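# Tertiary structure, described
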Amino acid sequence: MLDFLFGQLVATHATFDVVTLSDRTTQALAEDPWLAAGYALLGLAGVGGFLSLLGMALIYVERKVAAHFQCRLGPMRVGWHGMLQSVADAIKLLLKEDIIPDRADRVLFLIAPVFSIIATTLGLILIPMSPSLQVVDLNIGVIFISAVSSFGVLGILLAGWSSNNKWSLLGAMRAGAQFISYEISVTLSLLVVTLFAGSLQLSEIVQSQQDGWWIWRGHIVGLVAFFVFLIASTAELNRPPFDLPEAESELTGGFHTEYSGLRFSFFFLAEFINMFIASALAATLFLGGWMPFHIGGLHTFNGLMDLIPPGLWFAGKTTFIIFLIMWVRWTFPRLRVDQLMRLEWKFLLPVGFINLFAAATLVITKLYFFPW
Amino acid sequence: MDKVEIYLPILIMVAVGALIATVLMGLSVLIGKRTRSKVKMQPYECGVDPVGDTKHPVPVKYYMVAILFIIFDIEVVFLYPWAVIYDSLGMFGFLEMLVFVAILITGYFYILGKGALKWD
Amino acid sequence: MNSPVEHKPSNVEFSDVVTHDSGRKTMTLNMGPQHPSTHGVLRLVLELDGETVVSCRPEIGYLHTGIEKTLESKLYYKALPMTDRMDYMSPMSNNLGYCLAVEKLLDIEDAIPARAKWIRVLMSELTRINSHLVWLGTHAIDLGAMSMFLYTFRDRETLLDIYELVSGQRMMSSYFRIGGLMMDVPKDFDKSIRRILKNLPDRIDEYEDLLTNNRIWQMRTIGVAKISAENAIDGGLTGASLRGSGVKYDVRKAFPYSDYDKFDFQVPVGVHGDVFSRYQVRVYEMRESLKIMGQALDGLPEGPYIAHVPGVILPPKPDVLSKMESLIYHFKIITDGFKVPRGSVYVPIESGKGEIGFYIDSDGTNVPNRVRVRPPSFVNLSALPKMVEGSLVSDVVAAIGSIDIVLGEIDR
């Protein structure tokens, strides 16, 4: 009976049409320029609003999660359960004085946070949040994202270098060495998914997981790649236990020691949005993006799962990974710089290569789970 | 999908990002208060006058890491096109990859033996 | 005896003087006084080659309060509250050391009632746990485990509640008095202590779950900031910093005071003398302290809480209100203090940080001629350069945390 009811749903959801905002704009351009302009404006406003709202929401969530991990309440005063705390903070930061220290490299000091923000924005627009919500769907999506995330490091490096502050300098040196090292592992684990999916386009990678998410379908290889990605991207996000460039208790703030007011908040914002991007990327590549959770053969269950809109699936998976990253942050101590390097070069890198080799073997022997 | 126009939104996004940042920073300069003093503009060094300069030579190991990164990351990026068409390459692609990665691994063991990855 | 040293005004900065001429280009970096993990206002002048510490020079004095000198201008009983403020993490230990020293000078040690001694032991051990909890939290936050800080402070609250219960004050308790205690423990005391004895062991287990077996914690602490037993003894280290290196020296066992010889407890020692050993020693000490507290509570003798020494110890309040003689004594002691026989004593006790000793020299008047405190933090700090030279900046933070210093005690 239930099968009969939901069987219909399964059929309708069999294929998802991917229509990105840029597609819509190009289509509309031919028919109605005004409509195209409307779409473009919508995109711009959407991204701008999304960026700041998401940043504030994530900061609020982080504070609440941290508070409850630590047996306290967190922000409670501004708005219901402190919901508006981030807004208040943003206003405060806007009103703060903007200080450029003596003998700092003014130009680099000024543009460093802008670099961070731009890199973040660029990463954000590629994420397929649901079949119909993706600003740009590049055919080289995976490569583009890793390129952009390297670009963000530049902001941090410049900030530390231009501050004329020794702590910042130490932070910048750490940041440079750390981010580029872990970039290799990120790229390697993304390569595994590319190998499975046979595409670099993020929407196609999501589509390729129709029969099963890559974290399951690739046997252990998918799982290993997922965890390598998670570890390496936590390191790239500059979050504990890998927050050495910032290392509040060692470097008094690291690369952003000299930054105040709004420019400081740019680094902060970029860090949090980057956390979202990394989580969304992990969800997209390994956990099926907006694909609902299916178990082969159980049509009723699958039908029920299909009832949940894809956007919610994406949000749920991303939230889960964000929570994981926060959980790690509030639990573990910080690594030391030599240990950090050892972890990457002597553990993650070899594991990544072995995993790649295993993945290639899997693909050539067609040994997937869910072969139907 | 191979049109150049698809990259247009990216250019726009760069502009948007820069625009948001610049406008907000301008706003902050406009409404934020400003008082300057000699001590305030000093770089922070835990509350005492900074000694010496920050423009020091950085230990060479950091550059070592940068060079190794370039080698390894570029190699990995070379593997991307291979990964995309791997399904159609079949056994040939697999063996080619083996050769490629073998060379890479040899290099890895070489730098390992040379002690380039020793941090201290 | 000594000619006054001529002080020349100097415009040479301390940090300018510490420059190495080893050919390598190094960076001189001030870590502190305003730094999150120098546990107050300690200033370290580090010379760095990249991130490796070439030399480390602690510079102190930013929290100088002149407590020793102030003690010399106050009546004996009025000086007591000053001692709270030295090592503000373990006020009761400081009180105890001072009281024991004055009691020895007055030669009234035998007059101290057993109840007072046992409550002193109980509260000292409570204080040790208090000190160690703060140390554990700050040490963990220095190494990046931020949640630990809030966990230990949550448990410290329950200990401070006991302080408040017995003395009315949560931090600067001044509960011990020369001759005994300020007042007897209140009714709820037994119940509150038993609650702590019940809850805290589980909490310590939790902390160990979070840290002891954590790979990152082990990597950050094992083999870091090592100091050998010989060097530790030569440097005069005491407390967990010494015992971490495997030297079994604890004042409570070596020179028992205040009936400590009647308690059954172990003195944990480490093996490797690294940060991890010191960490383990302190965590184990917390468990031992709980054991002592339990014993003290179970066997708490009945009797008076303060000695009866007319002319030195204040008479009981009812007597003051009803007896002429007591009233006169009360007035005399409050206004003029009491005279202490000529002589000098040194009394060490084991505080949370190590051996804190009070040297008091009396010239027979009602104020001490000279008071000198042997602060464990100060002596332990002197081992820091030896520990950290050649290691990384991150290890400096770990090392500072592991020797458990309080600047209020170092600068006095």
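For clarity, every value in this text was computed on a predicted model and none was experimentally measured.

Thresholds, definitions, all that
- The residue numbers shown here count from 1 along each chain, following its written sequence.
- Here the convention is simple: chains get letters from A, ligands get numbers from 1, in the order in which they are written.
- The predicted nature of this model means local features are confined to residues of pLDDT at least 70 and side-chain atom pairs, given and counted, to a pLDDT of 80 or more, with totals for whole chains, interfaces and linings taken over all residues.
- Numbering of helices and strands runs from the N terminus, with a helix taken as a DSSP run of H or I at least four residues long and a strand as a DSSP run of E at least two residues long.
- The exposure label follows from counting other C-beta atoms within 10 Å of a residue's C-beta, where the C-beta atoms are placed from the backbone and the thresholds are 20 or more for buried and 12 or fewer for exposed, leaving partly exposed in between.
- Where each domain starts and ends follows an automatic or database-derived domain assignment.
- Residues are grouped as follows: Ala, Val, Leu, Ile, Met, Phe, Trp, Tyr, Cys and Pro are nonpolar; Asp, Glu, Lys and Arg are charged; all remaining types, including Gly, are polar.
- The contact rule is simple: place each C-beta atom from the backbone, and if two of them lie within 7 Å, those residues are in contact.
- Multiply 1.5 Å by the residue count of a helix minus one, and that product is the helix's expected span.
- Strands are treated as partners if at least two bridges between them are detected by DSSP.
- Working convention: axes come from line fits to C-alpha atoms, limited for helices to the stretch in contact. Angles between N-to-C directions cover 0 to 180 degrees.
- Confidence of the predictor in every single residue is expressed as pLDDT, which spans 0 to 100.
- Each nonpolar core reported here comprises buried Ala, Val, Leu, Ile, Met, Phe, Trp, Tyr and Cys residues connected via C-beta atoms within 7 Å.
- The cut-offs work like this: below 35 degrees is roughly parallel, past 145 is roughly antiparallel, 65 to 115 is roughly perpendicular, and the gaps in between are oblique.

This next bit is on the overall build of chain A. Looking only at helices and strands, chain A has 15 helices and zero strands in total. Here chain A holds 372 residues, and 55% of them are scored as buried.

Attention shifts here to the domain arrangement of chain A. Residues and elements named next belong to chain A. Segmenting chain A into domains produces domain 1 (19–95) and domain 2 (102–365). Averaged C-alpha coordinates put domain 1 and domain 2 at centres separated by 19 Å. Every element with two or more residues in the side of domain 1 that touches domain 2 is listed here: α2 (21–31), α3 (33–69) and α4 (85–95). Top contributing element to the side of domain 1 that touches domain 2 by residue count: α3, with eleven residues. Of the residues in the side of domain 1 that touches domain 2, the class split is 13 nonpolar, four polar and one charged.

Counting from both sides, the interface comprises 63 residues of chain A and, opposite them, 53 residues of chain B. For the side of chain A that touches chain B, the elements supplying multiple residues, two or more each, are α2, α3, α4, α5 (106–124), α7 (166–197), α12 (261–286) and α15 (337–365) of chain A. Take the side of chain A that touches chain B: its biggest share by element is 14 residues, from α7(A). Its residues assigned to classes, the side of chain A that touches chain B shows 35 nonpolar, 17 polar and eleven charged.

Residues and elements named next belong to chain B. The end-to-end C-alpha distance of helix α4 (residues 91–114), which contains 24 residues, comes to 34 Å, matching closely the 34 Å that a straight helix rising 1.5 Å per residue would cover. For α4, the tally of buried residues reaches only one of 24 residues, placing the bulk of the element at the surface. Just past α4, the residue G115 takes up positive phi, approximately 80 degrees.

So, about the sheet that holds strand β6 (residues 343–350) of chain C. Residues and elements named next belong to chain C. Pairing is antiparallel across the open sheet formed by three strands, whose spatial order is β6-β7-β8. Both edges of this open sheet fall to β6 and β8 (370–374), since each of them pairs with a single strand only. Geometrically, the sheet is characterised by an average inter-axis angle of 10 degrees between neighbouring strands, direction not taken into account. With five bridges joining them, strand β7 (residues 355–362) and β8 adopt antiparallel strand pairing.

Glancing now at the confidence of the model for chain C. Per-residue confidence for chain C gives a mean pLDDT of 86; residues scoring 70 or more make up 94%. Taken together, the stretch residues 1–22 of chain C has pLDDT below 50 and engages in 16 contacts with residues farther than four places along the chain or on a different chain.

Residue and element names in this part refer to chain C. Sheet architecture is open: three strands sit in the order β1-β2-β3, paired in antiparallel fashion. The sheet is open, and its two borders are formed by β1 (27–31) and β3 (52–59), each paired with just one other strand. When strand polarity is set aside, the average angle formed by the axes of neighbouring strands in this sheet is 20 degrees. One ladder, built from seven bridges, connects strand β2 (residues 43–49) with β3; its direction is antiparallel. Residue pairing for β3: R43 is matched across the bridge by E59.

Residue and element names in this part refer to chain C. Domain parsing of chain C yields domain 1 (14–59) and domain 2 (67–308 + 337–411). Centre-to-centre separation of domain 1 and domain 2, based on C-alpha positions: 30 Å. Taken together, the 17 residues of domain 1 in the interface contact 17 residues of domain 2. Listing elements by their share of the side of domain 1 that touches domain 2, those giving two or more residues are β2 and β3. Here the element with the most residues in the side of domain 1 that touches domain 2 is β3; it accounts for six residues. The class makeup of the residues in the side of domain 1 that touches domain 2 is nine nonpolar, six polar and two charged.

A separate point is the nonpolar core. One finds V193(A), A282(A), V396(C) and A399(C) to be the most contacted residues of the largest nonpolar core, which totals 246 residues. With 20 residues, α7(A) is the largest single contributor of residues to this core. The residues contacting A399(C), other than those within four sequence positions of it, are A225(C), V275(C), L384(C), M387(C) and V388(C).

The next subject is the interface of chain B and chain C. Counting residues at the interface gives ten residues for chain B, matched by 14 residues for chain C. Across the side of chain B that touches chain C, the residue classes break down as six nonpolar, three polar and one charged.

Our focus in this paragraph is the confidence of the model for chain A. Residues and elements named next belong to chain A. Residues at a pLDDT of 70 or more form 88% of chain A, whose mean pLDDT is 80. Ranking the helices and strands of chain A by mean pLDDT puts helix α14 (residues 310–329) first, with 88, and helix α1 (residues 2–12) last, with 37. Every residue in residues 1–16 is under pLDDT 50, and counting partners more than four places away or in other chains gives 18 contacts.

Further remarks concern the packing of α12(A) against helix α1 (residues 8–31) of chain B. The contact between α12(A) and α1(B) brings their axes to 9 Å, and the two run at 150 degrees. One element, α12(A), and the other, α1(B), form an angle in the roughly antiparallel class. Facing G261(A), L262(A), R263(A) and F266(A) of α12(A), the residues of α1(B) in contact are A21(B), L24(B), M25(B) and S28(B). Classifying every residue of the contact of α12(A) with α1(B) by side-chain character gives five nonpolar, two polar and one charged.

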